[in-house]
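# Structural characterization, general
Spelled out, the chains give:
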Amino acid sequence: FFLLFFTISLHGQNQKEPNILNLDDGPYIFIKGKKLIEKSLSKGVIQSKTLENNSYDTIFYPEKSTFTTKRKIAALSDIHGQYDLAIKLLRNNKIIDSKLNWNFGKGHLVIVGDVFDRGDKVNEMLWLIYKLEAQAKNKGGQVHFILGNHEYMVLQKDLRYIHEKYKLSSKLIGLEYDELYSNQTILGRWLRSKSTIIKINNNVFVHGGV
């Protein structure tokens, strides 16, 4: 048994004004009655399509908060949209493979909050965690995504720290940024099922302290 901790900081990063002709973002999947509508941006142009109803789960139940394991535990915190750096860390520690699939067996990966804000690849990171969560369960492992203060900020419409890219992409889609993660979206409902504190064996994980 051992525990790996990685912390990422992006507080000093300078943001460049996004070029609409190079703007790619999404997908954002909206729940419209019995339909799923996927919206994304490709080179600044909105792409929209209707998905099969069973393409994604639309109901997410609150997760339990206490776990026991004899397997490895890795913890990664404060990603803040730095998807490429997070990929490098996860690959180097053999948590994911070269194709970004779960490679940690029955181990536990804890994402200790603050995936949102500052960086420009927040959505990519959320979908990666979403995918790894399902893959880990199939292998007997577990991915835990704990909500941090920046998750709460976005869900509560505090958009002070979002990247310039998301100000533009949400405007093009025709919604406020927080609406891209409302409870009428797949990722929005998924986020709302997450814990703020969990315990694995004798280790307690919480973002920023109790």
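Report follows, based on the coordinates. Quick caveat, the model's predicted, so the values are computed rather than measured.

This part covers the pairing of strand β7 (residues 108-111). Alternating positions in β7 separate into two faces, H108 and V110 on one and L109 and I111 on the other, with burial throughout. Pairing geometry for strand β6 (residues 73-77) and β7, over 4 bridges, is parallel. Looking at β7, one finds that A74 is bridged to L109. Summarising the sheet, β7 and strand β8 (residues 142-145) pair through 4 bridges and their orientation is parallel. Across the sheet, I111 pairs through a bridge with F145, a residue of β8.

On to helix α4 (residues 164-173), then. Turning to α4, its buried residues are K165, Y166, S169, S170 and I173. For α4, the angular spread of buried residues about the axis comes to 115°, placing them on one side. Packing partners of the buried residues in α4 comprise β2 (25-32), β3 (35-42), β4 (45-51) and α2 (122-138). A positive backbone phi angle near 90° is found at G174, which sits one or two residues after α4.

The strand order across the open sheet built from 3 strands is β2-β3-β4, with neighbouring strands paired in antiparallel fashion. In this open sheet, the two strands that pair with only one neighbour each are β2 and β4. Within this sheet the neighbouring strands show an average axis-to-axis angle of 20°, counted without direction. Of the strand pairs in this sheet, β3 and β4 are connected by 7 bridges, and their pairing is antiparallel. Bridge pairing in β4 links L41 to I46.

Criteria and cut-off values
- Residues numbered from 1 in each chain as written.
- Predicted model: local features only at pLDDT ≥ 70, side-chain atom pairs only at ≥ 80, totals over all residues.
- Heavy atoms only, no water.
- Buried < 20%, exposed > 50% of the residue type's maximum accessible area, 1.4 Å probe, protein only.
- Helix = DSSP H or I, 4+ residues; strand = E, 2+ residues; numbered from the N terminus.
- Pairing = 2+ DSSP bridges.
- Arc of directions from axis to C-beta.
- Contact = heavy atoms within 4.5 Å.
- Axes fitted to C-alpha atoms, helices over the stretch in contact; angles between N-to-C directions.

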